[in-house]
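This is what each chain is made of:
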Amino acid sequence: MGRAARVRLCLLGLAATSLLVAACTSGSRTQIRIVGSSTVYPFTTAVAEQFKRKWPEFPAPIVESTGTGGGIKLMCAGLGSQFPDAANASRRIKKSELEDCAKHGVKGLIELQVGIDGLVIAQSRAGSFPGLTERDVYLALAANPFGKGPNTARTWRDVNPALPDIRIEVIGPPPTSGTRDSFNELYMLKGCNSEPAMKALKKSDQAAHKQICEKVREDGAFIEGGENDNLIVQKIAANPQALGVFGYSFVEENSDKVKDVPLGGVAATYDNIAGGSFPASRPLYLYVKAQHVPAVRGMREFLAEYARESTWGRGGYLARKGLVAAPEAVRRAGERVARDLTLMDESSVK
């Protein structure tokens, strides 16, 4: 079979057979390639390492931290060995991203919810923040709080008299990050909507509501920390007056350097996140291009490894990395999806 014929078969996304797998992998990339969320990156990396130990006949997967939005864009850019096979995501894929996938011939994604994360505002172990609310965070960081003019708050005490008299300095994710989307949803929007007038505005003018509620100030109070959450950890560990925004697992793994700032009086602990009492909890995902499964050796085995109870369960090895297990029903459904390569229901995506 010529190379052109092999490519045509691969891009058609036909059902996997040994002949098709051989045809698709011959002369093309043989390693699984995964891009996307910096939050999910350490979990998928751990699965990749375990996968290589269990199946030494397959090359070790390549896992890259590009941010959720950037990773999905790369995955959706086309079919073939030059495009990633999967994307980690710290939020659910958007309808516009699915449309971008379809535009480039990527039709059919496998969606796995790999666990739950708490989106934490953290401080140095030497920090003195007793706690925050979503309203505090919004009032500190919004460019135009409640649409009443530019933000003039300089210290946390300006926002709330009960907070420390410390300059507002929050290091957080860039717009390309799924963590930024989650931060907007779980902190900025909640804080903004604590004002009844903002709830009314959402009904009458969604664009104005989004601008007022989600746009952060650009005067140095909010600092974009890039896609590497470990760098944010290092920066706040070295500066007791700064706060950082990242996933719970980074707090867990660096508990000697940083600690959470309780949100609404609730600490960011495994049990609080798993039980839903921590207000800023979010699901984490892995998206896989179904059309690439027959084309890249080891894809089925990799998915099976990710969806094992010994991997993502409460007692699994990812729990030791800080992953909070998804509810049992979600995990059982995920096992079936990974086994049967079930395509996601795109009609449920907003």
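Preceding this paragraph is the structure being described.
Because the structure is predicted, anything quoted here is derived from the model rather than measured.

The rules we used
Residues numbered from 1 in each chain as written. Predicted model: local features only at pLDDT ≥ 70, side-chain atom pairs only at ≥ 80, totals over all residues. Heavy atoms only, no water. Salt bridge = Lys/Arg side-chain N within 4 Å of Asp/Glu carboxyl O. Helix = DSSP H or I, 4+ residues; strand = E, 2+ residues; numbered from the N terminus. Buried < 20%, exposed > 50% of the residue type's maximum accessible area, 1.4 Å probe, protein only. Axes fitted to C-alpha atoms, helices over the stretch in contact; angles between N-to-C directions. Parallel < 35°, antiparallel > 145°, perpendicular 65-115°, else oblique. Contact = heavy atoms within 4.5 Å. Nonpolar A, V, L, I, M, F, W, Y, C, P; charged D, E, K, R; others polar. Disulfide = S-S within 2.5 Å.

## As for the pattern of salt bridges
This model, assessed by the stated rule, comprises 23 salt bridges. Of the charged contacts, one joins Glu224 and Arg180 as a salt bridge, the two residues approaching to 3.7 Å between their closest N and O atoms. Within this pair, whereas Glu224 is found in strand β6 (residues 222-224), its partner Arg180 is found in helix α8 (residues 178-192), the two being separated by 44 residues in sequence. The exposure class of Glu224 is partly exposed, given its relative accessible area of 46%.

## Some words on the packing of α8 against helix α10 (residues 206-214)
Packed helices, taken two at a time, are described by the angle their axes make and the gap between the axes. Between α8 and α10, the shortest axis-to-axis distance is 9 Å and the interhelical angle comes to 105 degrees. Comparing the axis directions of α8 and α10 gives the class roughly perpendicular. Along the contact surface, α8 presents Asn184, Met188, Leu189 and Cys192, while α10 presents His209, Ile212, Cys213 and Glu214. Its residues placed into classes, the contact of α8 with α10 shows five nonpolar, two polar and one charged.

## Quick notes on the state of the cysteines
On inspection of all chains with the given rule, the structure shows two disulfides. A disulfide bridge connects Cys76 with Cys101, and the sulfur atoms are separated by 1.8 Å. Between Cys76 and Cys101, the S-S torsion sits near -55 degrees, and that sign places the bridge as left-handed. With Cys76 in the loop between α4 (68-75) and β3 (86-89) and Cys101 in helix α5 (residues 95-103), this pair connects stretches of sequence that are 25 residues apart. The class of Cys76 is buried, set by a relative accessible area of 1%. Given the relative accessible area of 1%, Cys101 is considered buried. Here Cys192 connects covalently by a disulfide to Cys213, the sulfurs 2.0 Å from one another. With the S-S dihedral at roughly -55 degrees, the linkage between Cys192 and Cys213 falls on the left-handed side.

Read these as spatial facts, not as claims about activity.
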